[in-house]
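Topology and contacts: notes
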Amino acid sequence: MNITLSVLKADVGGFVGHSSSHPEVVETARQALGKAKKSGLLIDYHITICGDDLELIMTHQQGEESQAIHKLAWDTFVECTQVARRLKLHGAGQDLLAEAFSGNVKGMGPGVAEMQFQEREAETVLIFMADKTSAGAWNMPLYKIFADPFNTIGLVIAANMHNGFAFEVHDIKEHKKITFSAPEEIYDLLVFIGAPSRYAVKAVYHRDTKEIAAVSSTQRLALIAGRYVGKDDPVCIVRSQGQFPAVGEILEPFSMPGLVEGWMRGSHHGPLMPVAVRDANPSRFDGPPRVTCAGFQIAQGRLIGPRDMFDDPAFDPARRWTNDIAEYLRRHGPFEPHRLPLEEMEYTTMPQVAKKLEGRFLPLE
Ligand code: F6R
Ligand code: MG
Ligand code: MG
């Protein structure tokens, strides 16, 4: 059976501040997608939240970038925004950058990750969702999952993975893409994806079967809006088991809380904390950034699950470590490298302050 799995997400309003989402907003989305399932447009759906982000997980047979599916998501976000406005939630509709829907939500604010595939005998998928961070946050985990033998033993000892994976990398400033083959080209690959504010891993493919293995959302809100409008809070879908890495190999990179962009006012570096969905409510200094993971088996398009994959005491050390790193970074206050480098601040508060002081800068002798 040919299935499309679409994850579309948006921050339609925070409760309280930017820390979480309101149950009425979630319920509104549930009703909207419930209707779409009844009408036959969706095979199945699951709605969840990560901090102030509303996550629509949908299965259907309309293919990727389907106008009907994107319109459903857009209309759902608009309806949820109306609820957020009525409750005076914070930043209601903050991610809906366009006035009206025009065929595809790409470039309109919401984040999108979609993949179409032939459902396998057992189709295991993991959906990662992050808050208080940005596109590019998946670079290091995806590298470890699909190219690092110290993380994924299957690359070494599983014959169906031994030839490696291909990484599609997007230059999100210049709007260009390139594909690298791992393991042969990992040094070239790392030159680019080691700079996640500019280069993001968009997709990963199995090199022998050409099957899609992973796909991420790579939209940068600031680049769309031309100003700071909150961080992108990306999502990522990863297929698992068989010719793809095992569930445990896919979760393993998150045992090390890597530093990502985001946190307070989207202007800081902070460690990415893997948490259960109930703990994805970033509040200390509006953070630290969170990642959750919903695991599903897919059966004739039905979403069997979710299992809350980071709801495991084995990730307690990563959470403790995150808090230690967060504490250490916070002591830097407004100084780099806690605060983002100037180039990234261009999209935050820097331009206004620079403009105000324009006339006071004098040439050096
Ligand atoms: C970061 C984030 C928050 C807000 C901060 C100020 O992604 O959403 O840290 O930037 O709470 O929010 P506003 O400007 O909406 O008052
Ligand atoms: Mg928000
Ligand atoms: Mg958010």
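Residues numbered from 1 in each chain as written. Chains lettered and ligands numbered in written order. Predicted model: local features only at pLDDT ≥ 70, side-chain atom pairs only at ≥ 80, totals over all residues. Heavy atoms only, no water.

**Overview of the side chain of His338**
Our working rule: Secondary structure elements are defined from DSSP: runs of H or I of at least 4 residues count as helices, runs of E of at least 2 residues count as strands, and each element is numbered from the N terminus. Relative accessibility under 20% of the residue-type maximum defines a buried residue, over 50% an exposed one, and the middle range a partly exposed one, all with a 1.4 Å probe and only protein chains included. N or O atoms closer than or at 3.5 Å make up a polar contact, with two conditions inside protein: a donor-capable atom paired with an acceptor-capable one, and, for residues adjacent in sequence, both atoms drawn from side chains. The contact criterion used is simple: two residues touch if any of their non-hydrogen atoms lie within 4.5 Å.
In this structure, His338 sits in the loop between α8 (316–330) and α9 (342–345). Classification of His338 by relative accessible area gives buried; the value is 0%. Polar contacts involving the side chain of His338 include one to the side chain of Arg330, which spans 3.0 Å. In this structure His338 touches Trp263, Ser267, His268, His269, Phe285, Leu329, Arg330, His332 and Gly333, once residues within four positions along its chain are discounted.

**Quick word on the coordination of the magnesium ion (ligand 2)**
Selection rule: Here the term donor refers to an N, O or S atom within 2.8 Å of the metal (or 3.2 Å for Na, K and Ca), and because water is left out of the atoms, sites may appear incomplete.
Only Asp11 (OD), His18 (ND1) and Asp52 (OD) from the protein coordinate the magnesium ion (ligand 2), and they sit 1.9 to 2.2 Å from it. For the magnesium ion (ligand 2), all donor residues lie on one chain, and their spacing in sequence is D-x6-H-x33-D. Judged by its relative accessible area of 1%, Asp11 is buried.

**Details of the coordination of the magnesium ion (ligand 3)**
Summarising the metal site, the magnesium ion (ligand 3) is bound by the protein donors Asp52 (OD), Asp53 (OD), Asp131 (OD) and Asp233 (OD), whose distances to it range over 2.0 to 2.2 Å. Along the chain, the residues that donate to the magnesium ion (ligand 3) are spaced as D-D-x77-D-x101-D. Here the magnesium ion (ligand 3) and the magnesium ion (ligand 2) are spaced 4.6 Å apart, linked through Asp52, which binds each one. Placement of the pair is Asp53 in strand β3 (residues 53–60) and Asp131 in strand β5 (residues 123–131), with a sequence separation of 78 residues. The exposure class of Asp131 is buried, given its relative accessible area of 0%.

**Details of the pairing of strand β14 (residues 290–299)**
Where we set the bar: Strands qualify as paired when DSSP identifies two bridges or more between them.
For β14, the buried fraction is high: 8 of the 10 residues fall into the buried class. Of the strand pairs in this sheet, β5 and β14 are connected by 9 bridges, and their pairing is antiparallel. By the bridge assignment, Ile127 is partnered in β14 with Ala294. Bridge analysis of strand β13 (residues 273–274) against β14 gives 2 bridges, and the strand direction is parallel. By the bridge assignment, Pro274 is partnered in β14 with Val291. By the bridge criterion, 5 bridges tie β14 to strand β15 (residues 302–308) in an arrangement that is antiparallel. Within β15, the residue paired with Ile298 across the bridge is Leu303. The loop that links β14 with its antiparallel partner β15 comprises 2 residues; one of these, Gln300, has a positive phi angle of about 50 degrees.

**Here's the deal with unusual backbone geometry**
The peptide bond linking Phe15 to Val16 adopts the cis configuration, its omega dihedral lying at -5 degrees. Following the sequence through the fold, Val16 ends up in the loop between β1 (2–10) and α1 (23–38). A cis amide bond, omega 5 degrees, links Glu336 with the succeeding residue Pro337. Turning to its location among the elements, Pro337 is positioned in the loop between α8 and α9. The residue Asp233 is not glycine, and still its phi comes out positive at about 45 degrees.

**Focus: the nonpolar core**
Our working definition: We define a nonpolar core as any set of buried Ala, Val, Leu, Ile, Met, Phe, Trp, Tyr and Cys residues linked to one another through side-chain atoms lying within 4.5 Å.
Counting 40 residues, the largest nonpolar core has Phe128, Leu142, Phe146, Phe165, Phe167 and Leu251 as its most contacted members. Per-element accounting of this core gives the leading share, 5 residues, to helix α3 (residues 139–147). Ignoring sequence-local partners within four residues, the contact set of Phe167 consists of Leu142, Tyr143, Phe146, Ala147, Ile178, Thr179, Phe180, Ala182, Leu189, Val201, Ala203 and Val204. With 29 residues, the next largest nonpolar core counts Ala29, Leu54, Met58 and Leu72 among its residues.

**Looking at α8**
Test applied: For a helix, the expected span equals 1.5 Å multiplied by the residue count minus one. In this description, the arc belongs to the directions extending from the helix axis to the C-beta atoms.
Given a rise of 1.5 Å per residue, 15 residues ought to cover 21 Å, and the 21 Å separating the end C-alpha atoms of α8 matches this to within 8%. Turning to α8, its buried residues number three or more, namely Ala318, Arg319, Thr322, Ile325, Ala326 and Leu329. For α8, the buried positions fall inside an angular range of 125 degrees around the axis, keeping them on one side. In α8, those exposed residues whose orientation departs by more than 90 degrees from the buried face are Arg320, Asp324 and Tyr328. Contacts from the buried residues of α8 go to β11 (259–262), β12 (268–271) and β13.

**As for helix α5 (residues 186–193)**
Within α5 the residues assigned to the buried category are Ile186, Leu189 and Ile193. For α5, the angular spread of the buried residues around the axis is 60 degrees, confining them to a single face. For α5, exposure combined with an orientation more than 90 degrees from the buried face picks out Tyr187 and Val191. Among the structural elements, α3, β6 (165–171), β7 (176–181) and β8 (199–206) are those in contact with the buried residues of α5.

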